[in-house]
Structure formats: C-alpha cells, structure tokens
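Each chain is listed here by its residues.
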Amino acid sequence: MHIYADNAATTKLDSDSFASMEPFLREEYGNPSQPYSLAVVCKKAINEARKTIAECINAEPEEIYFTSGGTEGDNWAIKNGSALYGNVLTSAIEHHAVLNSCKSLEIKGVTVSYLPVNQKGLVIPEGLARLLKNRPALCSIMSANNEIGTIEPIEELAHIAHKHNSIFHTDAVQAVGHIPIDVKALDVDILSASGHKFYGPKGVGFQYIRRGVKIAPYIDGGAQQSGYRAGTENVAGIVGMATALRKSCNLMPAEIKRLQRMEKLFFDILSGSNLDYIRNGAENHLPGSINISVRDANGEMLLHRLDLMGICISTGSACDSTETQISHVIKSIGVPVEYSAGTIRVTFGRNNNDSDAMEVARAILRVLSL
Ligand code: PLP
C-alpha cells in the first residue's frame with residue numbers, strides 16, 4: 001500500500017504539465033533573451049505562460065513575474081516592501097519564509113508587529129485596523145495556512161490596509177490552484193505563489209505585483225522580466241507551472257466537492273471510534289486539509305508508524321533529544337498541552353480517492369490501538 005496524503009508539502013507533477021515542459025528541456029533550449037528563432041520560441045512560450053497565469057488569477061500579464069518559488073516571493077515582498085514603509089505587520093501563523101524574512105528585518109532595526117489569531121487560526125480584522133492607525137505599514141497575511149488550512153478574510157484585510165494608506169501582500173502558496181483566487185476582487189497589491197503546490201514543477205513560482213506598486217526588484221542582474229526579476233528564465237518550469245495552474249483551475253469546482261467528501265469519510269471513521277481529538281482550523285478551510293490533535297499521543301511517532309504502513313502524512317510537532325517542539329501555528333491557536341504533541345496534518349489531493357481517505361483514518365486508529 002502507498003498513500004500520499006501530504007499534498008500541502010508538495011504535489012505530484014501533473015502529466016500534462018510534464019509533457020508541456022519536455023520540449024524546453026530538450027530541443028528548445030535557446031536563451032529567451034536572444035533574438036534568433038531558436039530563442040524566440042522560448043520567449044513566446046514564456047509570454048503565453050504569463051498570459052495563462054494572469055487569466056487564472058484575474059491579473060494583467062504584465063503584473064506577473066516569475067520567481068524560484070514561494071520563498072523567494074515572500075522574501076521579495078517583505079524585505080523590499082518594508083523599504084516603502086519601514087513598518088511591517090504580519091500574523092503569528094505565517095510560513096517561515098515570511099517569519100524569517102521579518103526576523104532578518106528586525107535585526108536591521110525594522111519594526112515588525114505580529115497579529116495574534118483566534119482559536120480557528122483567523123486574523124481578526126479589527127486588530128489590523130487598530131495597529132495601522134496613524135502608522136502605515138507593509139501588511140503581509142497568508143491567504144490560507146499551510147498547517148491548519150484556515151482561509152483568511154483577505155478581501156476584508158486588504159481593504160483595511162488600503163484605508164490606512166498601507167500596501168497588502170498575501171502569501172497565497174497554499175491557496176492558488178486550490179480555491180478561486182481573483183486578485184482584483186481580493187484587492188491585494190502583491191501575491192506570492194509556487195508551482196509545486198498545484199501539481200506543477202518545483203523551484204518555480206510567480207509573483208503578482210499590481211500595476212503601480214513601486215516595490216524594488218529583489219534579484220539584481222540582467223534585463224530579464226523588464227529588469228524586475230533578473231536571471232535567465234526557467235523556461236520549462238514556467239511553461240509547466242502555467243499548464244498545471246490552468247488544469248487545476250479547470251478541475252477546481254469538481255475537485256473541491258470530491259475533497260470535501262473525502263474529509264467527511266475520514267471524520268466519519270474517527271468519530272465512530274473512541275479517539276479523543278480536536279480538529280484544528282476554521283470552518284472555511286482548504287479542501288482536503290485535515291489537522292487534528294490527539295490527546296496524549298505523539299505526532300512524530302504516528303508519522304513514522306504510518307510511514308511503515310506506506311502512508312505519508314505530516315506532523316505539527318517534532319521531537320529533538322530532550323523535548324517536543326510544538327509548531328508556532330499550533331501554539332498560536334492555543335491547542336491544550338495534553339493534545340498539542342499529538343498533532344498531525346493529513347492533506348488529500350487530486351491523486352487520492354475515497355478509499356485512501358478511509359484507509360488513512362483506519363490506519364491512525366490501528367496505530368493508536370483503537
Ligand atoms: N508559504 C507557504 C504558506 C508554504 O506552504 C510554502 C511551502 O511549504 C512556502 C511559502 C514556500 O514555498 P516554496 O517551497 O515554493 O519555496
């Protein structure tokens with residue numbers, strides 16, 4: 001048996017995405033900045049991909065910049081966005097790509113404020129408004145959390161930021177390709193995304209930067225991407241990412257329903273047992289995203305026992321030689337100590353089916369002898 005249920009960590013490369021990349025890994029190897037035909041093919045493919053991605057998130061093609069992934073996008077937005085305002089405002093449950101970018105700014109003397117979240121992992125809009133009063137900032141709040149799947153009220157938060165003359169970045173790495181994203185409706189200024197989270201290749205992502213937002217380039221070098229993101233483009237990666245995003249968006253309505261059904265099948269099995277657990281995250285969460293904390297259990301032990309059974313999941317805690325480290329997200333939502341060390345994340349995706357959902361639930365109960 002092999003069940004991959006860690007789709008929030010990464011997804012399996014889609015076969016159409018792979019097929020679209022293949023020519024650019026072999027015969028179409030020209031440098032897209034050169035003027036001859038071999039290279040022009042690559043330039044055209046990049047422009048097509050830019051158009052496709054823009055359409056998928058309701059942006060304009062010239063507002064899309066290709067990056068090496070979510071980490072680069074977050075670093076760019078936070079570090080260079082802060083140069084516009086000095087202050088940064090973010091949430092306590094961001095990915096480390098955001099949190100550690102903030103940390104490095106703090107070392108340089110920049111003021112960073114961390115908004116707390118409620119027990120569901122939701123940022124409270126009034127909290128943002130209070131902190132922004134008389135002090136504009138770069139605001140960075142994730143669209144959806146990678147551990148507990150909570151979808152944040154981005155439209156409302158971006159509106160508050162703008163009311164207070166601030167700009168708004170969202171790390172949408174977990175959201176793009178999984179829930180509808182319309183940058184105009186959300187009213188965000190900068191958005192970061194990553195190909196490998198929606199069945200595209202690893203090491204490639206994109207940054208949406210609203211026209212008129214004056215953030216400095218992050219990677220200096222040649223004149224690629226209008227001088228805004230230097231470096232010879234990862235042509236195959238860019239093409240594969242666009243194919244994957246188009247497909248994810250086309251499949252999205254049916255996929256959301258299917259993943260929600262799988263979640264229900266999973267919880268039907270858990271609730272029919274004696275398992276003492278808390279489900280973490282908000283009602284409005286990423287489809288197929290499950291995070292539970294089991295009383296008096298050890299998440300890391302569960303992960304390894306499930307691995308021996310051919311099942312890949314993730315945990316919200318890690319043991320070093322002396323103590324159990326609970327993730328910052330699980331701490332921030334206040335999971336009680338008797339449950340927090342037993343936190344696991346199960347994230348179903350396109351390649352899972354109903355029987356996988358039931359099998360993972362049964363396997364968890366088997367490991368815990370329930
Ligand atoms: N932001 C979030 C919310 C993520 O889940 C991840 C990856 O796990 C990243 C950023 C980093 O993205 P990448 O792996 O493309 O650098």
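Here, the structure is the one placed above.
My aim in this report is to walk through the structure given alongside it, one point at a time. Everything quoted here is computed from the prediction, not taken from an experiment.

### Description of the layout of surface pockets
Then, number 1: By volume, the largest pocket is sized at about 420 Å³.
Then, number 2: In this structure, the largest pocket is lined by 26 residues; those nearest its centre are Ala8, His95, Asn146, Gln174 and Lys197.
Then, number 3: Only helix 3 (70–85), helix 4 (96–107) and strand 12 (314–315) provide two or more residues apiece to the lining of the largest pocket.
Then, number 4: Looking at side-chain class alone, the lining of the largest pocket contains six nonpolar, 14 polar and six charged residues.
Then, number 5: Empty space within the second largest pocket amounts to approximately 160 Å³.
Then, number 6: Residue lining of the second largest pocket: Ser143, Ile151, Glu152, Pro153, Ile154, Glu155, Ile179, Pro180, Ile181, Asp182, Leu186 and Asn284, and that is the complete set.

### Section: the pattern of salt bridges
Then, number 1: On inspection of all chains with the given rule, the structure shows 19 salt bridges.
Then, number 2: With a shortest N-O distance of 2.9 Å, Asp6 and Arg345 are connected by a salt bridge. Placement of the pair is Asp6 in the loop between strand 1 (3–4) and helix 1 (15–25) and Arg345 in strand 15 (residues 343–347), with a sequence separation of 339 residues.
Then, number 3: Take Asp6: its relative accessible area is 12%, and that puts it in the buried class.
Then, number 4: Owing to a relative accessible area of 8%, Arg345 belongs among the buried residues under this scheme.
Then, number 5: The shortest N-O distance in the salt bridge between Arg210 and Asp187 comes to 2.8 Å. In this pair, Arg210 is assigned in the loop between strand 8 (205–209) and helix 8 (235–271) and Asp187 in the loop between helix 7 (183–186) and strand 7 (190–194), connecting sequence segments 23 residues apart.
Then, number 6: On the basis of relative accessible area, Arg210 is assigned to the partly exposed category, the value being 24%.
Then, number 7: Overall, the relative accessible area of 25% leaves Asp187 in the partly exposed class.
Then, number 8: Overlapping salt bridges bring together Asp14, Asp16, Lys247 and Arg350 as one network.

### Describing the sheet that holds strand 2 (residues 64–67)
Then, number 1: Overall, mixed pairing links the seven strands, which are arranged 2-8-7-6-5-3-4 in an open sheet. Only two strands of the sheet have a single partner each, and these edge strands are strand 2 and strand 4 (112–115). Pairwise comparison of adjacent strand axes, ignoring direction, gives a mean angle of 20° for this sheet.
Then, number 2: By the bridge criterion, three bridges tie strand 6 (residues 167–171) to strand 7 in an arrangement that is parallel. Bridged to His169 within strand 7 is Ile190.
Then, number 3: Strand contacts of helix 4: strand 3 (88–91), strand 4, strand 5 (138–140) and strand 6, with the helix running at about 150° to strand 4, the strand carrying the most contacts.

### Brief notes about the pairing of strand 2
Moving residue by residue along a regular strand, the side chains alternate between the two faces of the sheet.
Then, number 1: Of the two faces of strand 2, both are covered, the one formed by Ile64 and Phe66 as well as the one formed by Tyr65 and Thr67.
Then, number 2: Across four bridges, strand 2 lies against strand 8 in antiparallel orientation. Considered in strand 8, the bridge of Ile64 is made with Tyr208.

### What about the site of the ligand?
Then, number 1: Around the ligand, the surrounding shell holds 13 residues, and the nearest of these are Thr71, Asp171, Gln174, Ser194 and Lys197.
Then, number 2: Taking His95, its side chain carries an N or O atom lying 3.4 Å from an oxygen atom of the ligand.
Then, number 3: One can see that the ligand is located within the largest pocket.
Then, number 4: Of the residues that constitute the shell around the ligand, the class distribution is two nonpolar, eight polar and three charged.

### Description of the packing of helix 9 (residues 299–308) against helix 12 (residues 354–367)
Then, number 1: Where helix 9 contacts helix 12, the axes come no closer than 10 Å and their chain directions differ by 115°. The two elements helix 9 and helix 12 meet at a crossing, and its hand is right-handed. Note on element contacts: helix 12 touches helix 9 through Ala363, Ile364 and Val367, opposite Met301, Leu302, Arg305 and Leu306.
Then, number 2: Per-class residue counts for the contact of helix 9 with helix 12 are six nonpolar, no polar and one charged.

### Digging into the sheet that holds strand 9 (residues 277–279)
Then, number 1: Strand order in the open sheet formed by four strands is 9-10-15-12, and the pairing between neighbours is antiparallel. Two strands bound the open sheet, and with one partner strand each, they are strand 9 and strand 12.
Then, number 2: Two strands pair when backbone bridges link them, and strand 12 and strand 15 are joined in this way by two bridges, in the antiparallel orientation. Note that in strand 15 the partner of Thr315 across the bridge is Ile344.
Then, number 3: Packing of helix 8 onto the sheet brings it into contact with strand 9, strand 10 (289–294) and strand 15, and relative to strand 10 it is tilted by some 20°.

### Overview of empty space enclosed by the protein
Then, number 1: What the rule picks out here adds up to two cavities of 30 Å³ or more.
Then, number 2: Empty space within the largest cavity amounts to approximately 250 Å³.
Then, number 3: As for the largest cavity, its lining consists of 22 residues, and the residues nearest its centre are His178, Tyr199, Leu259, Pro287 and Phe348.
Then, number 4: Ranked by residue count, the leading element in the lining of the largest cavity is helix 8, at six residues.
Then, number 5: Looking at the lining of the largest cavity residue by residue, the classes come out as 10 nonpolar, nine polar and three charged.
Then, number 6: What the second largest cavity holds in volume is close to 30 Å³.
Then, number 7: Residues that form the lining of the second largest cavity fall into these classes: four nonpolar, three polar and one charged.

Definitions and limits used
Residues numbered from 1 in each chain as written. Predicted model: local features only at pLDDT ≥ 70, side-chain atom pairs only at ≥ 80, totals over all residues. Heavy atoms only, no water. 1 Å grid on protein atoms, 1.4 Å probe; cavity = no way out; pocket = protein on both sides within 12 Å on 5 of 7 lines; lining within 4 Å. Points joined across faces, edges and corners; volume = space filled by probe spheres on them. Helix = DSSP H or I, 4+ residues; strand = E, 2+ residues; numbered from the N terminus. Nonpolar A, V, L, I, M, F, W, Y, C, P; charged D, E, K, R; others polar. Salt bridge = Lys/Arg side-chain N within 4 Å of Asp/Glu carboxyl O. Buried < 20%, exposed > 50% of the residue type's maximum accessible area, 1.4 Å probe, protein only. Pairing = 2+ DSSP bridges. Axes fitted to C-alpha atoms, helices over the stretch in contact; angles between N-to-C directions. Contact = heavy atoms within 4.5 Å. Near = heavy atom within 4 Å. Polar contact = N/O pair within 3.5 Å; in protein donor to acceptor, adjacent residues only side chain to side chain. Sits in = over half its atoms within 2 Å of the grid points. Left-handed = near helix turned anticlockwise from the far one by under 90°.

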